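Analysis of the macromolecular model
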Amino acid sequence: GAVVSQHPSWVICKSGTSVKIECRSLDFQATTMFWYRQFPKQSLMLMATSNEGSKATYEQGVEKDKFLINHASLTLSTLTVTSAHPEDSSFYICSAPVAGTKDTQYFGPGTRLTVL
Amino acid sequence: GENVEQHPSTLSVQEGDSAVIKCTYSDSASNYFPWYKQELGKRPQLIIDIRSNVGEKKDQRIAVTLNKTAKHFSLHITETQPEDSAVYFCSGGSNYKLTFGKGTLLTVNP
């Protein structure tokens, strides 16, 4: 089946630095990808929809200047957390739609971000 | 927007018993309701889904029911096993945009 990968799987950074997370569709093309954030013991919250070749669509309350999304190709979307702070520490998960469906998604393995 | 409520937040059962998790949704436009199982530190795994043109779906020990009129849907796991222990999330939406419930921590005691 289709696979979505993420890199890195975990990252620790200092407060004020920026961190880039990659999401790749390994054997299929994805014109759209989704970025979720999950705080410990909480649910998944959709942050934004990444669109290949155009601007991302952000959910209400998500700062687009802080969470930069670039969907440069049909197999890669990146999320950059700029000027990270401890409150940005979370599990970031991307997903991509399953081809031939209009609703099913494959999730990536997630990236654990810890900001010191 | 959509609002998905999930109950209970924790559920403990004996091995072999059944487990039921219930969710409600608010947006009548939602037409896709997947359920995910998530183990600690891992990605959510799709275990079963149901669309609004179907009232019930079953896959081995797992079944899901949907009541569109009442806007609620439920997950039923029969003959539970210790490896079923995980957090289960219901979700609802359409066109890939999903809203997740807060999750249910299921513990199956041997």
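A quick note: this is a predicted structure, and the numbers were derived from the prediction, not measured.

So, about the sheet that holds strand β8 (residues 72-77) of chain B. Residue and element names in this part refer to chain B. Pairing is antiparallel across the open sheet formed by five strands, whose spatial order is β1-β3-β8-β7-β6. The two strands at the open ends of the sheet, each matched to only one other strand, are β1 (4-7) and β6 (56-59). Looking at each pair of strands side by side, their axes are set apart by 15° on average, direction ignored. In the sheet, strand β7 (residues 62-67) pairs with β8 via six bridges, with the strands oriented antiparallel. Following the sheet pairing, Asn67 is matched in β8 by His72.

A few words now on the pairing of β6 of chain B. Residues and elements named next belong to chain B. Two strands pair when backbone bridges link them, and β6 and β7 are joined in this way by four bridges, in the antiparallel orientation. Counted as the bridge partner of Lys57 is Val64 from β7. Connecting β6 to the next strand, β7, in antiparallel fashion are two residues, including Gln60 with a positive phi near 55°.

The next point concerns the interface of chain A and chain B. With 22 residues of chain A at the contact, the number on the chain B side is 18 residues. Taking both partners together, chain A and chain B bury about 1700 Å²; carbon and sulfur atoms supply 54% of that area. Where chain A meets chain B, there are nine residue pairs in polar contact (both at pLDDT 80 or more). Contributions of two or more residues to the side of chain A that touches chain B are made by β4 (32-38), β5 (44-51), β9 (90-97) and β10 (105-107) of chain A.

On to the sheet that holds strand β8 (residues 76-81) of chain A, then. Residue and element names in this part refer to chain A. Strand order in the open sheet made by the four strands is β1-β3-β8-β7, with antiparallel pairing throughout. Here the strands that pair on one side only, and so sit at the sheet edges, are β1 (4-7) and β7 (67-73). Mean inter-strand twist for the sheet, computed between neighbouring axes without regard to direction, equals 20°. When β7 meets β8, the two strands line up antiparallel, connected through five bridges. Following the sheet pairing, Ile69 is matched in β8 by Leu79.

Moving on: a nonpolar patch on the surface. Together, Trp10, Ile12 and Leu116 of chain A line one region of the surface with nonpolar side chains, adding up to about 390 Å² of accessible area. With respect to the element layout, Leu116 of chain A can be found in the segment after β11 (111-115).

Glancing now at the pattern of salt bridges. Counted according to the given criterion, the structure contains seven salt bridges over all chains. Between Asp88 of chain A and Lys66 of chain A there is a salt bridge; the shortest N-O distance is 2.9 Å. One end of the pair, Asp88 of chain A, is in the loop between β8 and β9; the other, Lys66 of chain A, is in the loop between β6 (57-58) and β7, with 22 residues separating them in the sequence. Its relative accessible area of 12% is what places Lys66 of chain A among the buried residues. For Lys37 of chain B, the salt bridge is made with Glu39 of chain B, and the minimal N-O distance between the two is 3.9 Å. The buried category is assigned to Lys37 of chain B, whose relative accessible area is 14%.

The rules behind these values
- Residues numbered from 1 in each chain as written.
- Chains lettered and ligands numbered in written order.
- Predicted model: local features only at pLDDT ≥ 70, side-chain atom pairs only at ≥ 80, totals over all residues.
- Heavy atoms only, no water.
- Pairing = 2+ DSSP bridges.
- Helix = DSSP H or I, 4+ residues; strand = E, 2+ residues; numbered from the N terminus.
- Axes fitted to C-alpha atoms, helices over the stretch in contact; angles between N-to-C directions.
- Contact = heavy atoms within 4.5 Å.
- Buried area = accessible area lost by both parts, 1.4 Å probe.
- Polar contact = N/O pair within 3.5 Å; in protein donor to acceptor, adjacent residues only side chain to side chain.
- Patch = residues over 30% accessible without salt bridge, like charges linked within 9 Å, V, L, I, M, F, W, Y side chains within 5 Å.
- Areas by Shrake-Rupley, 256 points an atom, 1.4 Å probe, with all protein chains shown as cover.
- Salt bridge = Lys/Arg side-chain N within 4 Å of Asp/Glu carboxyl O.
- Buried < 20%, exposed > 50% of the residue type's maximum accessible area, 1.4 Å probe, protein only.

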